Amino acid sequence: MEQSKRRWSACTVKEVEETKTICRIPVCLAFIMLGVVASLEDTYFQEQASTMNNKVGSYGVPLVVLQLWYKFSKATLGKLYLKTVKRLSSHGDNNMNNNINSTNTNKLVMISSSYAGCAGIAISMIFTVLCCSVAAIVEKNRLDDFDRKGIDAITEKVGMSMFWLLPQYLLLGASVGIVEKSVGLLFHDQIPTCSDRFMPLFCSGISGLGALANVLSVFAASKISESRDDGTSWFGDTLNDSRIDSYYWLLTALSSANLVYFTILYYCTNLRSELRESDQTMDHMEPAS
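Residues numbered from 1 in each chain as written. Predicted model: local features only at pLDDT ≥ 70, side-chain atom pairs only at ≥ 80, totals over all residues. Heavy atoms only, no water.

1. Points about the side chain of Ser124
Structurally, Ser124 is set in helix H6 (residues 102–149). Here the side chain of Ser124 touches Val179 through a polar contact of 3.1 Å, landing on its backbone nitrogen. When near neighbours in sequence (up to four residues on either side) are disregarded, Ser124 contacts Leu34, Ser175, Ile178 and Val179. (Helix = DSSP H or I, 4+ residues; strand = E, 2+ residues; numbered from the N terminus. Polar contact = N/O pair within 3.5 Å; in protein donor to acceptor, adjacent residues only side chain to side chain. Contact = heavy atoms within 4.5 Å.)

2. A word on the environment of Asp145
Position of Asp145 relative to the elements: it lies in helix H6. We classify Asp145 as buried; its relative accessible area is 13%. What Asp145 contacts, discounting residues up to four positions off in sequence, is Val158, Gly159 and Met160. In this structure the side chain of Asp145 is engaged in a polar contact, spanning 3.1 Å, whose partner is the backbone nitrogen of Gly159. In terms of polar contacts, Asp145 uses its side chain to reach the backbone amide nitrogen of Met160, at 2.8 Å. (Buried < 20%, exposed > 50% of the residue type's maximum accessible area, 1.4 Å probe, protein only.)

3. Remarks on the nonpolar core
Within the largest apolar cluster, 35 residues are counted, with the highest numbers of intra-cluster contacts made by Leu40, Tyr44, Phe45, Phe235, Tyr247 and Tyr248. It is H6 that provides the largest number of residues to this core, a total of six residues. When near neighbours in sequence (up to four residues on either side) are disregarded, Leu40 contacts Phe45, Asn214, Tyr247, Tyr248 and Leu251. Met125, Val179, Val183 and Phe262 belong to the second-largest nonpolar core, a separate cluster that totals 14 residues. (Core = buried A, V, L, I, M, F, W, Y, C linked by side-chain atoms within 4.5 Å.)

4. Concerning the packing of helix H3 (residues 31–38) against helix H9 (residues 244–268)
At a closest axis distance of 9 Å, the pairing of H3 and H9 adopts a crossing angle of 150 degrees. As the angle between them shows, H3 and H9 are arranged roughly antiparallel. For the crossing formed where H3 meets H9, the hand is left-handed. Across the interface between the two elements, Met33, Leu34, Val36 and Val37 of H3 pack against Leu251, Leu254, Ser255 and Asn258 of H9. Along the lines of polarity and charge, the residues of the contact of H3 with H9 split into six nonpolar, two polar and no charged. (Axes fitted to C-alpha atoms, helices over the stretch in contact; angles between N-to-C directions. Parallel < 35°, antiparallel > 145°, perpendicular 65-115°, else oblique. Left-handed = near helix turned anticlockwise from the far one by under 90°. Nonpolar A, V, L, I, M, F, W, Y, C, P; charged D, E, K, R; others polar.)

Quick look at the structure:
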């Protein structure tokens, strides 16, 4: 610990900023896969819903209900995670020894915030894995329902209710909501630097690239699936002619790999030490000349 403090004290503010930026860029790359999965809400999830039964009795439920459910899950679960983090931080504060001064109390909260942000990103990745898995299972059941109705049902809706999509919308909303709050926690620092200010925006931009990456992943999956012995692509002219469940399983595998990548990044690089050191007192840092 003392060695860590001495190393920080020997650095200028500019050097610390450069080090933190280099350490955090690989973290931001993990947001590409999160963006790929997040883009499903406006694409294949909506297509699934449009081919399913939206009747409740004699009343037809509009598809926008699923989008509202997603937005509600995103906002509620994101705020719930942030509230839980703050409560745990306050709980740790209340259990501190009475002789610890207020400076160390703030330091404890900062450490909790940094690690809560890192944990929140990992939790979001777990939710993406669960979301894609559930989506694959639901889509397989939808296709089975379609097959039972016969080939003439191409333009018809299957009997399976669209409310079977609620779990995957919930999991996706939880993933997006928690990761948005976690970015702010991860790049929150006792003494904000330039990198802390632009990194959340940079992460949002990287996540936005996920929508483009989704197009590329569909193209790649289509070519790979066509290269099999039967020559049939996963993506047909209509959703009922496609095997989107196979694509969802592919995203499940890629999301799992993304979680492994983030875990390795945390334990096998200097990310963990960078988080610890960024939470130490910066009072002895020399200003850049």
